[in-house]
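# Observations on the three-dimensional arrangement
So you can see what is in the structure, the chains are spelled out below.
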Amino acid sequence: MCLRQLLQSSQLQRAWRAAFLKHVQGRHPGAWRWTHSGGGPYRAVIFDMGGVLLPSPGRVAAEWEVQNHIPSGTIVKALISGGENGPWMKFMRAEITTEDFLQEFGRLCSEISKTSVPVDSFFSLLTSERVAKQFPVMTEAITQIRAKGLQTAVLSNNFYLPNGKSFLPLDRKQFDVVVESCLEGVCKPDPRMYKLCLERLGRQPSESIFLDDLGPNLKAAAGLGIHTIKVDDPETAVKELETLLGFPLRMAVPNTRPVRKTMEIPKDALEKYLKDLLGIQPTGPLELLQFDHGQSNPTYYVKLANHQLVLRKKPPGTLLPSAHAVEREFRIMKALGNAGVPVPKVLDLCEDSSVVGTPFYLMEYCPGLIYKDPSLPGLEPSQRRAIYTAMNRVLCKIHSVDLKAAGLEDYGKHGDYLARQVQTWIKQYRASETSTIPAMERLIEWLPLHLPRQQRTTVVHGDFRLDNLLFHPETAEVLAVLDWELSTLGDPLADVAYNCLAHYLPSGFPIQPGLSDCDLTELGIPTAEDYFRMYCLHMGIPPIENWNFYMAFSFFRIAAILQGVYKRSLTGQASSATAKQTEKLTEFMSNLAWDFAIKEGFQIFKEMPATKPLMRSHHTWSLLRTPGTRSYVTSTDSSPAHASKGALIFSPEGLPHRVRELYQKLKEFMERHVYPAEPELQRHQVSAERWTPSPLVEDLKEKAKAEGLWNLFLPLETDPKKKYGAGLTNMEYAHLCEVMGTSPYAPEIFNCSAPDTGNMELLVRYGTEEQKARWLIPLLEGKARSCFAMTEPQVASSDATNIESSIREEDGFYVINGHKWWITGGHGEVLFEQVRVPKENIILGPGRGFEIAQGRLGPGRIHHCMRLIGCSERALALVKARVKSRVAFGKPLVEQGTVLADIALSRVEIEQARLLVLKAAHVMDVVGNKAAALDIAMIKMVAPSMASRVIDRAIQAFGAAGLSSNYPLAQFFAGARALRFADGPDEVHRAAVAKMELKHHS
Ligand SMILES: Cc1cc2nc3c(=O)[nH]c(=O)nc-3n(C[C@H](O)[C@H](O)[C@H](O)COP(=O)(O)OP(=O)(O)OC[C@H]3O[C@@H](n4cnc5c(N)ncnc54)[C@H](O)[C@@H]3O)c2cc1C
């Protein structure tokens, strides 16, 4: 069952429900051309099953593989593997049981794809009700063939189901003969199969036509003298069959059927009403058919005299006030028709329930073409482009309607459309939620916070997509826009985004075919971005920046709808395979939505102007430096000479606007997400699961990406095109990094933790493209972690020349032996024993380690210092709150002189260290990492011990509580203490500072 049908079962699913008007459309009469009439020489039509009457296993497999992340083509390769004696053919001849087949087939698939393949799930899908459904075009054709007195047969390579019955999801009554390989023990293309079928039909080969999708099967039939049709697409095959048979195989009005018993309407009353309305005296009877779909608002084809009409009515029974609003549909179509938008011409709204039982409206039946597949098979690239351009233009036309002139000002609420929509769909989702879907949770939080600031209000269609448009059969002209059920007043960009959904879905997608795996350039179809730009151009508006928000919202909405469908399928009639499938689709859609949220986060970087060190009179400090002398001047001088050297921005308020926004966002994120998560993260850290990544951190990482708070560390100098990160200067990042330092968990959440930052920078600078693809990209995406293994237990490792590990070349490999410890990423102890590393993995080349180490000793080295400032700030903030409320010896602690002195000391020490950090970062920005060696050594010498002292005082002020895990102070203290040698011992930095000082001043 397709999603459309699933959705029709509930009035909740307004968005995808009852594509009523499309079902009222047919082909342009001119499209039918009959060569001759009667059955000609043919007396029987023989159909293959999979690929002709039903979707082929190959097509089902393609869709399934995408959803299950199985390499594409695995199933098909396994199906043909082994030829006659492969598991598939053995299964078709019933030589092996389903169980044996699945086992052997699964093994084969796993061998082919080098991954485990859950073939059971493929088999369930292949045989599920949803997938194994006869193509309606074939049902129509079979009805017509039999009506002409010709015979029909199924000739299928088929198998037994575990229940002992053969897999035949067809109405047997449609066929005179059914021949199945599993019953006969032989398979096509063995001629015996065809002969058996002809024998049972009592026909000669020349009297028969055989349809199959596989070349070898057709070849064998043709060899016997049977006329053959190769089926690539059922519709085209039926056309070919029509030509051969010489009579039409399609209903005069496609997608219609005799009126269902429960849906009958009084013909006499309707005829009388129509006579009055149209002012006619017909001679013939009124013809009434029902469109296949549209149970929510039953829809009928009505023919009276030469008038072809469509009647759409409310269903009987008690209805929700806002649902089934046929009056609204009538109103909008009438108004838009008058405003020049192509819509079916509406004739009358009848609110008198006595005529056909409920209110209804009438419109003209409008023949034309509906393109259901967005890849537009069978058309030329130029035709495809024309179709997409026409669709784009008609959407612009809808969005350009003057509300006042069209009398539609009160057709919906003005403003806040998206805010209301987001809330509506959140509510709908919550009402049908069955389990927690992480992407949905993140979206529920993200969407309301990222609503576009400015929204226009126009008519919005609400379900605007290619298959809701009726095209002229010969030109790219939109004759009518259908399905106005969801129309209202709202933000037009929501329609544009929704119109692009198919671009992101694979071609074999179950709900609707998509385009994500198609070569759009070759097809001549605009990409989503091109399509969106085209819209802006046609509308005369500037390109919209937050396009990703609209896409995220559109997919979120679909995911919420699908969740409703899934919930109902649990209680309703749907098979478990169908339910499972819908559940997966919900997740799939929500993940797609979330991908757009992340893109929106990265968009923030792209928008940011590349920052140059700025000159500011407030909050800044310009730096003049001549070798050997240092002079810092609080400056208001903005002369070019000074500006080129840049300015030291020592408070976040002085940061450029965009960076300040990031800073603000980061602070908010810390408040909203990181601090509240600390108790849980601390629990994880001491639990048995601590060796596996915390799911909460993984979730927060996703959120950080979507906020554009990701990879902020990569300096502009290393990544000038902002290919990988935000392109901040070291000084700008220092302000942000300080904020991250306020929680020990934050760096990982923002993908800014050591030693990954240094390693990523190293790969950006020195890695080959292959190395970047293999190691840098997963690190940048937060999907991998890295380490830096230097320290060895047996030698004093603060002196790198002591290192004893060995590396030697052997057969194109480097072989490593050594013993390391304190390797961050778990601070593990690691033994390298005969570790063979392919030679191509070496970065830059042998003997160039020092060069790399120099590079690595760049910005990454002072990130810890930046964070230590933040950590100290938090410790001081905690102290201030604590000592105001805690009373000892009759007064709050804050009134004790020693406490005040400690606070003052901490404040001063933090400020001193911060200035030194900022200065080091600034010098790196303006004169380079190498020239900043002294500043880097100074801050590394100062920051860890400063933080240790500040935190130590904080612990003291807290009393024993300061050592407990109720507060982060003990953890902070351990961290700061470790950093007094983790980044090289204080003494080593001191020695470096002293050496440089002596050199400069000797
Ligand atoms: C939390 C943590 C994380 C770490 N992560 C990593 C990692 O990811 N990768 C890695 O390779 N290592 C890592 N280390 C190890 C760290 O880099 C080393 O501990 C550091 O380089 C010191 O080496 P060592 O322990 O061998 O001390 P030693 O070299 O034995 O030195 C001991 C002490 O001697 C003194 N000393 C040394 N040199 C001098 C000098 N020139 N003048 C005066 N006194 C001196 C200092 O007081 C020093 O603390 C980590 C350590 C910690 C605590």
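Notes on the structure follow. This one's a predicted model, so the numbers in the text were calculated from it and none came from an experiment.

Another point: the site of the ligand. Near the ligand there are 18 residues, and of these F788, T791, S798, W822 and T824 occur at the shortest range. T791 is positioned such that a nitrogen or oxygen atom in its side chain is 2.6 Å from a nitrogen atom of the ligand. Here the ligand, which alone exposes 970 Å², has 68% of that area covered by the protein. Sorting the residues of the shell around the ligand by element identifies β20 (813-823), α34 (969-982) and α35 (986-1001) as the ones contributing at least two each.

Judged by pairing direction, the sheet is parallel, and its five strands sit side by side in the order β3-β2-β1-β4-β5 without closing on themselves. Looking at the sheet topology across the chains shown, the edges are occupied by β3 (177-180) and β5 (227-230). The sheet shows a mean angle of 20° between the axes of neighbouring strands, direction not considered. As paired elements, strand β4 (residues 208-212) and β5 share four bridges and run parallel to each other. Bridged to I209 within β5 is H227. Strands β1 (44-47), β2 (151-156), β3 and β4 of the sheet are contacted by helix α9 (residues 191-201), whose axis makes an angle of about 160° with β3.

Our focus in this paragraph is the packing of helix α26 (residues 730-740) against helix α31 (residues 860-885). Packing of α26 against α31 brings their axes to within 7 Å, and their N-to-C directions diverge by 40°. Taken as axis vectors, α26 and α31 run oblique relative to one another. The chirality of how α26 crosses α31 is right-handed. On α31, the residues that touch N730, Y733, A734, C737 and E738 of α26 are H863, M866, R867, I869, G870 and E873. Here the contact of α26 with α31 is composed, by residue class, of five nonpolar, three polar and three charged.

It is worth spelling out the pattern of salt bridges at this point. Per the stated rule, a full pass over the model turns up 52 salt bridges. The salt bridge involving K665 is made with E707; its shortest N-O contact spans 3.9 Å. Taken as a pair, K665 in helix α24 (residues 657-686) and E707 in the loop between α25 (695-706) and α26 lie far apart in primary sequence, 42 residues in all. We note a salt bridge from R836 to E810, for which the minimum N-O separation is 3.2 Å. On the criterion of sequence distance, the pair formed by R836 in strand β21 (residues 828-838) and E810 in strand β19 (residues 806-810) is long-range, its members being 26 residues apart. R836 gets classed as partly exposed once you look at its relative accessible area, which sits at 40%.

Definitions and limits used
Residues numbered from 1 in each chain as written. Predicted model: local features only at pLDDT ≥ 70, side-chain atom pairs only at ≥ 80, totals over all residues. Heavy atoms only, no water. Near = heavy atom within 4 Å. Polar contact = N/O pair within 3.5 Å; in protein donor to acceptor, adjacent residues only side chain to side chain. Areas by Shrake-Rupley, 256 points an atom, 1.4 Å probe, with all protein chains shown as cover. Helix = DSSP H or I, 4+ residues; strand = E, 2+ residues; numbered from the N terminus. Pairing = 2+ DSSP bridges. Axes fitted to C-alpha atoms, helices over the stretch in contact; angles between N-to-C directions. Contact = heavy atoms within 4.5 Å. Parallel < 35°, antiparallel > 145°, perpendicular 65-115°, else oblique. Left-handed = near helix turned anticlockwise from the far one by under 90°. Nonpolar A, V, L, I, M, F, W, Y, C, P; charged D, E, K, R; others polar. Salt bridge = Lys/Arg side-chain N within 4 Å of Asp/Glu carboxyl O. Buried < 20%, exposed > 50% of the residue type's maximum accessible area, 1.4 Å probe, protein only.

Any link to function would need more than the numbers given here.
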